[in-house]
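Coordinates in review
The lines below spell out each chain.
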Amino acid sequence: MTVPPPQAERRPIVRSHHGDDFVDDYEWLRDKEDPATLAYLEAENAHTDAATAHLEPLRQQIFDEIKARTLETDLSVPVRRGKWWYYARTVEGQQYAIRCRCPIDDADDWHPPVLEAGAEIAGEEILLDSNVEAEGHEFFSLGAFSVNDDETLLAWSVDTQGDERYTIRVKDLRTGEVLPDEITATSGGATWAAGGTHLFYTTVDDAWRPHRVWRHRLGSSDEDVLVHEEPDERYFIGVGRTQSERFLVIGLSSKITSEVRVLEADDPEGEFRVVLPRRDGVEYSLEHAVIGGEDFFLVLHNDGALNFQLDAVRVDDPGVRTVVIPGSETTRLEDVDVFAKQLVVSYRRDALSRIGVMPVGADGIDDLTEIDFGEELFTSGVGANAEWDQPLIRVGVGSFITPASIYDYVVATGELILRKQAPVLGGYDPDDYEQHRSWAVADDGVRVPVSIVCRKDTPRDGTAPALIYGYGAYEASMDPGFSAMRLSLLDRGFVFAIAHVRGGGELGRHWYDDGKMLHKRNTFTDFVASARHLVSEGWTSADRLVAEGGSAGGLLMGAVANLAPDAFAGIVASVPFVDALTTILDPSLPLTVIEWDEWGNPLEDPDVYAYMKSYAPYENVGAHPYPAILAVTSLHDTRVMYVEPAKWVARLRATATGDAPILLKTEMHAGHGGVSGRYASWKERAWELAWIIDTATAG
């Protein structure tokens, strides 16, 4: 059945700033209470269903492939904490994980037990079955999962709407009883004080900004105590504990400035104190360390060090500093995990994430040893390490061709012990595939890294279909990791590439700075250069190349659709930030004020306004042919509201020429991350992959 493309009603309003008038025909779609809004979204869904109905057999085939590659009944590698090994398991046919623990038999044995899927596990306790929690709800997201120090109480939180407002509950693990304590409308996290008498959590304001920290006394009928409120709308607030468990930590941060407050964890009703007062443009985070018997905070900061520096400051006198790792022009320090006998440093060099270990002895901190993972391209990270004093460090690594692998690194010897590699069923052989690092040249001569993977038998004559992915914002790095779902593309002859464009963090802080504020257009031109580079190197051709990005990467998709529509056969924009200027002009909208440090403040600065208007996807839709476009959004998304892609698609359909399909799909029961549940997410990805395959091979 043919369903004609919807034509949204025009209800023009004039938006005026800095002497510029912009006529916005579709801002009325922001009103969820207007029956015409939901009617329009439903009409778009009906049109999309009809326009893609022919892909149902392919969608089912891809879903079956994903399912066949996945070990549906499986267990995670157990993590040691206190007297228990903690792990999660999945069961065939169930959407969500079951979180469990089993007792430690030998206190001196740091090697996790090898658990077999489906087999009975001696002494197993089920702590939380998310399948039970999700019953009766179309959406489910687990937020906090936090066990107190003596491992007798569990605090967890759930969101069943997709709006990222969570309800915290507490369970007595000795009896299985769910306690009367229930805390609603939180932002998700839950942090125990020492002793298990108090919980700390945060709530959000009307702009969805976490702005308050509260203290809840377990079992008390008194109102919870407001511990700290952050009035500056640019700042997020969060609460946690140091890895030593000695200190409670409140972190306050804007996009460019940080402040940390601490309190001894065994004094939950005490007053938090500032470690280093905030200074505009200075970011820092900290962990607690014991060095030579003395207490220090290890402070990772960018005060005079663009790519960050690690200092040790005395807990009793933060003004006294010693440099542990100096700043570097080539290495971006990203994080430090602190243990009793070692520091584990996460950093980035040559567009790859890396891990180094520094032993801590009686005389101080020894030199850093980098862990060698033995691949040209990889992504690595520190895993779950729950004990303060442990001889092994859990790390994870994977690549485009190596499934995610969990290792324990033996600090004393440098040995890597493989605990588990994510199983890929169906005869997957990594030797059938190859990965490469290539470099595109941007308009201004800057070299942009591009990571590429394909089957070894993929031709290099421009005939292969391809998918190129990009993000380029918030200093987030898009690393070359493994995806079993991606095999459904590669095994059909696709090339997959990630363009590591400016605005991300792959090449250090300068790479981020050169793709934000009044340098934002570099993100878009880098991506176009990367796409054209794939064509010039023979990986694909423009009429067989699909681009994909989500959220801020969706802004990238909208911008390149206007900038270089001839470079792509199709574009997938997921929860896309395509009406960016409208959003950033309105401080009453969720998260807008916080975003001014990323994009600039067009409300006050006419130069920022003019610059943003020059690239904003919605304002720059033109009367010319576009590639095929698929926009996917969620009705309950609180980060990038559904109205942005809805307005964008309406304007595209009214303005664009040519006959390429323009589709909008709105998930009516999901949030920013899309649908919940693993089978539902597989179906959703199969739906998108079928569209990508059809679009890239249509010619």
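Attention here is on the structure that accompanies the text. Note that the coordinates shown come from a computational prediction; the quantities given were computed from them, not determined experimentally.

1. Side note on the overall build of the protein
- Helices and strands together make up the secondary structure of the protein, namely twelve helices and 40 strands.
- The C-alpha atoms of the protein give a radius of gyration of 26 Å, which matches the 27 Å a tight globule of 699 residues would have.
- Principal axes of the C-alpha set define a box for the protein whose edges measure 70 × 60 × 55 Å.
- When burial is assessed residue by residue, the protein has 58% of its 699 residues classed as buried.
- Expressed as a percentage of contacts within the protein between residues at least 6 apart in sequence, the contacts between residues at least 24 apart total 58%.

2. Here's the deal with the sheet that holds strand S14 (residues 210-217)
- Strand order in this open sheet of four strands is S12-S13-S14-S15, and the pairing throughout is antiparallel. With one partner strand each, in any of the chains shown, strand S12 (191-192) and strand S15 (225-229) form the two edges of the open sheet.
- Strand direction decides the pairing type here: strand S13 (residues 198-204) and S14, joined by seven bridges, are antiparallel. In the strand pairing of S14, His-198 is matched with Arg-217.

3. Structural notes on the nonpolar core
- One finds Tyr-40, Ile-468, Phe-527, Phe-568 and Trp-648 to be the most contacted residues of the largest nonpolar core, which totals 73 residues.
- Once you skip the residues sitting within four places of it in the chain, Trp-648 turns out to touch Gly-558, Ala-573, Val-578, Pro-617, Tyr-618, Val-621, Ile-629 and Ala-631.
- Phe-373, Tyr-428, Val-453 and Ile-498 belong to the second largest nonpolar core, which has 53 residues in total.

4. Considerations on the sheet that holds strand S22 (residues 309-314)
- What the four strands build is an open sheet, ordered S20-S21-S22-S23; its pairing is antiparallel. Unpaired on one side and paired on the other, strand S20 (284-291) and strand S23 (317-325) mark the two borders of the sheet. For this sheet, the mean inter-axis angle between neighbouring strands, taken without regard to orientation, is 30 degrees.
- Two strands pair when backbone bridges link them, and S22 and S23 are joined in this way by five bridges, in the antiparallel orientation. Note that in S23 the partner of Val-313 across the bridge is Arg-321.

5. Notes on the pairing of strand S33 (residues 433-441)
- In this structure, S33 lies alongside strand S34 (residues 447-455), joined through nine bridges in antiparallel fashion. From the neighbouring strand, Tyr-433 faces S34, where its bridge partner is Arg-455.

6. A look at helix H6 (residues 521-536)
- The end-to-end C-alpha distance of H6 is 22 Å, a good match for the 22 Å that 16 residues give at a rise of 1.5 Å each.
- Burial analysis of H6 places twelve of its 16 residues in the buried class, the great majority of the element.
- Within H6 the residues assigned to the buried category are Asn-522, Thr-523, Phe-524, Thr-525, Asp-526, Phe-527, Val-528, Ala-529, Ser-530, Ala-531, His-533 and Leu-534.

Calculation rules
- Residues numbered from 1 in each chain as written.
- Predicted model: local features only at pLDDT ≥ 70, side-chain atom pairs only at ≥ 80, totals over all residues.
- Heavy atoms only, no water.
- Helix = DSSP H or I, 4+ residues; strand = E, 2+ residues; numbered from the N terminus.
- Rg over C-alpha atoms; globule rule 2.2 N^0.38 Å.
- Buried < 20%, exposed > 50% of the residue type's maximum accessible area, 1.4 Å probe, protein only.
- Contact = heavy atoms within 4.5 Å.
- Pairing = 2+ DSSP bridges.
- Core = buried A, V, L, I, M, F, W, Y, C linked by side-chain atoms within 4.5 Å.
- Axes fitted to C-alpha atoms, helices over the stretch in contact; angles between N-to-C directions.
- Expected span 1.5 Å × (residues − 1).

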